[in-house]
Amino acid sequence: MFIIAEIGQAHEGSLGMALSYIDALAETGVDAVKFQMHIAVAESSEFEPFRVKFSEQDKTRFDYWKRMEFSPEDWKKIKTRCEQKDVEFLASPFSNAAVDLLEDLGAKRYKIGSGEVSNFLLLERVAQTGKPVILSSGMSSFEEMDQSVNFLRKRQVGFSILQCTTAYPTKSKEYGLNIIGELKERYGVPIGYSDHSAKIETCIAATALGAEILEFHAVFDRRSFGPDATSSLEIDEIKNLVQAVRNIEISLEHPVDKTDNSRYKELKDIFEKSLAVNKDLPAGHKLTFNDLEAKKPKGVGIDASKSEQLIGQELKREMKQWEFLNREDVGVSL
């Protein structure tokens, strides 16, 4: 399982905050810390509307992206901190200029956000790097995904796909967990889940359903400022999620053989039961269902699993209440 914690814009344009997020997330056990690389002049314009009008300090969406930028020197510090903390530096580019910068930084792979899946200019630039790609399917239909997949396959680019619902925060009826299996069957590549629900159970469920990559937004506090805060997991939640996912991963790697229960022999002898009579009965009495009780432990009398075969059998001796029934008591081999 490859687990990605996305900082996104939670750093609010502060290098110090970005570095502190890396430090905190490294302690949770995630594999990668993801950023969004925005270069305002290359990706946006004054005409871009706000998705959520959350900011009083940014007059336009372009101004917001401008405030979220880091200099190349800052990005080098961010990547270096990731390396120092033993987590992979990962970023989503939103322009070819961002890909150029990420290449200068030595990015290992590329994450393509939901809004860029059909941006074939960007995909062409990413394909030119020869590095693997993670596609987020949030706003794409299967037909649109087919086009992007075919585009990458023609260029022999290795890729994986994340099921994603572009809703912030995502409601339970919108998770689309069923699509994990559909994507696996349709494309035959590693499939993951990109979450915006702000709940740990969503990624846990995705893991159990076969997701091989998990991505979620991270924030110190969901009450923080920013467009993604309410759709994010807090640091302690991420730590719990990672541990849960690792446990499920171990379970899935070690399937249990239900045809062999030999390991339970000692416990079966303790917990399973033997048949007894529940009242005093004379010799020659024909046993009925109402004459029987099952008592621990197994092996002292006839197994409780044989109860049906005892109905109608004639007792060979007088029996006292709560005595265990054995084969010689009924004179048959069971």
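About the thresholds
Here the residue index of a chain counts from 1 through its sequence in written order. Owing to the predicted nature of the model, reporting of local features is limited to residues with pLDDT of at least 70; listing and counting of side-chain atom pairs is limited to 80 or more, with chain, interface and lining totals taken over all residues. Only hydrogens and water are set aside; all other atoms, that is, all heavy atoms of the structure, feed into the side-chain values. Starting at the N terminus, helices and strands are each numbered in turn, a helix being any DSSP run of H or I of at least four residues and a strand any DSSP run of E of at least two. Each pair of aromatic rings taken from Phe, Tyr and Trp, with Trp reduced to its six-membered ring, is defined by centres within 6.5 Å and is described as stacked if the planes are under 30 degrees apart, edge-to-face if over 60, and tilted in the remaining cases. Any Lys NZ or Arg CZ that is within 6 Å of a ring centre and within 35 degrees of that ring's normal is treated as a charge sitting over the ring. Patch definition: residues above 30% relative accessible area lacking any salt bridge, with like charges linked at up to 9 Å and the nonpolar side chains Val, Leu, Ile, Met, Phe, Trp and Tyr linked at up to 5 Å. Method for areas: the Shrake-Rupley scheme with a 1.4 Å probe, in which residue coverage is limited to the protein chains shown. Note on definitions: salt bridges are taken to be side-chain nitrogens of Lys or Arg within 4 Å of carboxyl oxygens of Asp or Glu. Only protein chains enter the area calculation, which uses a 1.4 Å probe; residues under 20% of their type maximum are buried, those over 50% are exposed, and those in between are partly exposed. The method works on a 1 Å grid over the protein atoms by themselves. A cavity is a set of points holding a 1.4 Å probe that cannot get out, a pocket is an open set with protein on both sides within 12 Å along at least five of seven lines, and residues with an atom within 4 Å of a point line them. Grid points are joined across faces, edges and corners, and a volume is the space filled by probe spheres set on the points. Under the convention adopted here, Pro, Cys and the residues Ala, Val, Leu, Ile, Met, Phe, Trp and Tyr are nonpolar, Asp, Glu, Lys and Arg are charged, and Gly plus all remaining residues are polar. Interaxial angles span 0 to 180 degrees and are taken between N-to-C directions of axes, which are lines fitted to C-alpha atoms, for helices over the stretch in contact. In what follows, roughly perpendicular refers to angles from 65 to 115 degrees, roughly parallel to angles under 35, roughly antiparallel to angles over 145, and oblique to any angle outside these ranges. Here a crossing is called left-handed whenever its near helix is offset anticlockwise from the far helix by less than a right angle, and right-handed whenever the offset is clockwise. Any two residues whose heavy atoms approach within 4.5 Å are treated as being in contact. What counts as a domain boundary in this text is fixed by an automatic or database domain assignment. Two strands pair under a simple rule: DSSP has to find at least two bridges between them. Orient the strands so they point away from the viewer, and a crossover whose first-strand-to-second-strand path over the helix runs clockwise is right-handed. The arc under discussion is defined with respect to the helix axis, by the directions toward the C-beta atoms.

### Concerning the environment of asparagine 119
Positionally, asparagine 119 belongs in the loop between strand 4 (110-112) and helix 6 (120-129). On a C-alpha basis, the gap between asparagine 119 and serine 148 in space is 8.8 Å, while along the polypeptide they are 29 residues apart.

### So, the packing of aromatic side chains
Applying the stated criterion across every chain yields a total of six aromatic pairs. A cation over an aromatic ring shows up here: arginine 109 above the ring of phenylalanine 2, its NZ or CZ 4.4 Å from the ring centre. The ring of phenylalanine 324 is capped by lysine 295, whose NZ or CZ atom sits 5.0 Å from the centre of that ring.

### Structural notes on a nonpolar patch on the surface
Together, Tyr264, Leu267, Ile270 and Phe271 line one region of the surface with nonpolar side chains, adding up to about 410 Å² of accessible area. Looking at the secondary structure, you find tyrosine 264 in the loop between helix 10 (235-253) and helix 11 (265-271). Residue class for tyrosine 264 comes out partly exposed when judged on its relative accessible area of 37%.

### Let's talk about the layout of surface pockets
Counted as a void, the second largest pocket has a volume near 180 Å³. For the lining of the second largest pocket, the secondary-structure elements that each account for two or more residues are strand 1 (2-8), helix 1 (15-26) and strand 8 (213-219). Residue contributions to the lining of the second largest pocket peak at three residues, all from strand 8. Across the lining of the second largest pocket, the residue classes break down as eleven nonpolar, six polar and three charged.

### Re the packing of helix 7 (residues 142-154) against helix 8 (residues 178-187)
One can describe the packing of helix 7 onto helix 8 by two numbers: an axis separation of 12 Å at closest approach and a directional angle of 45°. By the angle class used here, helix 7 and helix 8 are oblique. Taken as a pair, helix 7 and helix 8 cross one another with a handedness that is right-handed. Counted together, Phe142, Met145, Asp146, Val149 and Arg153 of helix 7 and Ile179, Glu182, Leu183, Arg186 and Tyr187 of helix 8 form the full contact between these two elements. Looking at side-chain class alone, the contact of helix 7 with helix 8 contains six nonpolar, no polar and four charged residues.

### Focus: the packing of helix 6 against helix 7
In the contact formed by helix 6 and helix 7, the axes pass within 10 Å of each other and the chain directions differ by 30°. When the axes of helix 6 and helix 7 are compared, the pair comes out roughly parallel. In the packing of helix 6 onto helix 7, the handedness of the crossing is right-handed. Every residue of helix 7 that contacts helix 6 at Phe120, Leu123 and Glu124 is listed here: Gln147, Ser148 and Phe151. Residues that form the contact of helix 6 with helix 7 fall into these classes: three nonpolar, two polar and one charged.

### Quick word on the domain arrangement of the protein
If you check the domain split of the protein, you get domain 1 (2-253) and domain 2 (263-329). Taken over C-alpha atoms, the centre of domain 1 sits 63 Å from the centre of domain 2.

### Some details on the pattern of salt bridges
Tallied over the entire structure, the rule returns 23 salt bridges. Across the salt bridge formed by aspartate 146 and arginine 186, the nearest N and O atoms sit 2.7 Å from each other. Separated by 40 residues along the polypeptide, aspartate 146 in helix 7 and arginine 186 in helix 8 bring together distant segments of the chain. A relative accessible area of 24% places aspartate 146 in the partly exposed class. On the accessibility criterion, arginine 186 (42% relative accessible area) is partly exposed. If you follow the salt bridges from partner to partner, you end up with Asp31, Arg246 and Glu249 in one network.

### Quick look at the pairing of strand 8
Within strand 8, seven of the seven residues are buried, which leaves the element mostly enclosed by the surrounding structure. For strand 1 and strand 8, the ladder comprises five bridges, and the chain directions are parallel. Counted as the bridge partner of isoleucine 4 is glutamate 215 from strand 8. Here strand 7 (residues 191-195) runs beside strand 8; their pairing, made up of three bridges, is parallel. Residue pairing in the sheet places serine 194 in a bridge with glutamate 215 of strand 8. Handedness of the crossover joining strand 7 and strand 8 through helix 9 (residues 200-208): right-handed. Here two bridges tie strand 8 to strand 9 (residues 233-234), and the two strands are oriented parallel to one another. Along strand 9, the bridge assignment pairs valine 219 with glutamate 234.

### Details of helix 8
For helix 8, the complete set of buried residues consists of Ile180, Leu183 and Tyr187. One side of helix 8 holds all its buried residues, which, seen down the axis, span an arc of 65°. In the core, the buried residues of helix 8 are packed alongside helix 7, strand 6 (159-164), strand 7 and helix 9. One or two positions beyond helix 8, positive phi appears at glycine 188, with a value near 60°.

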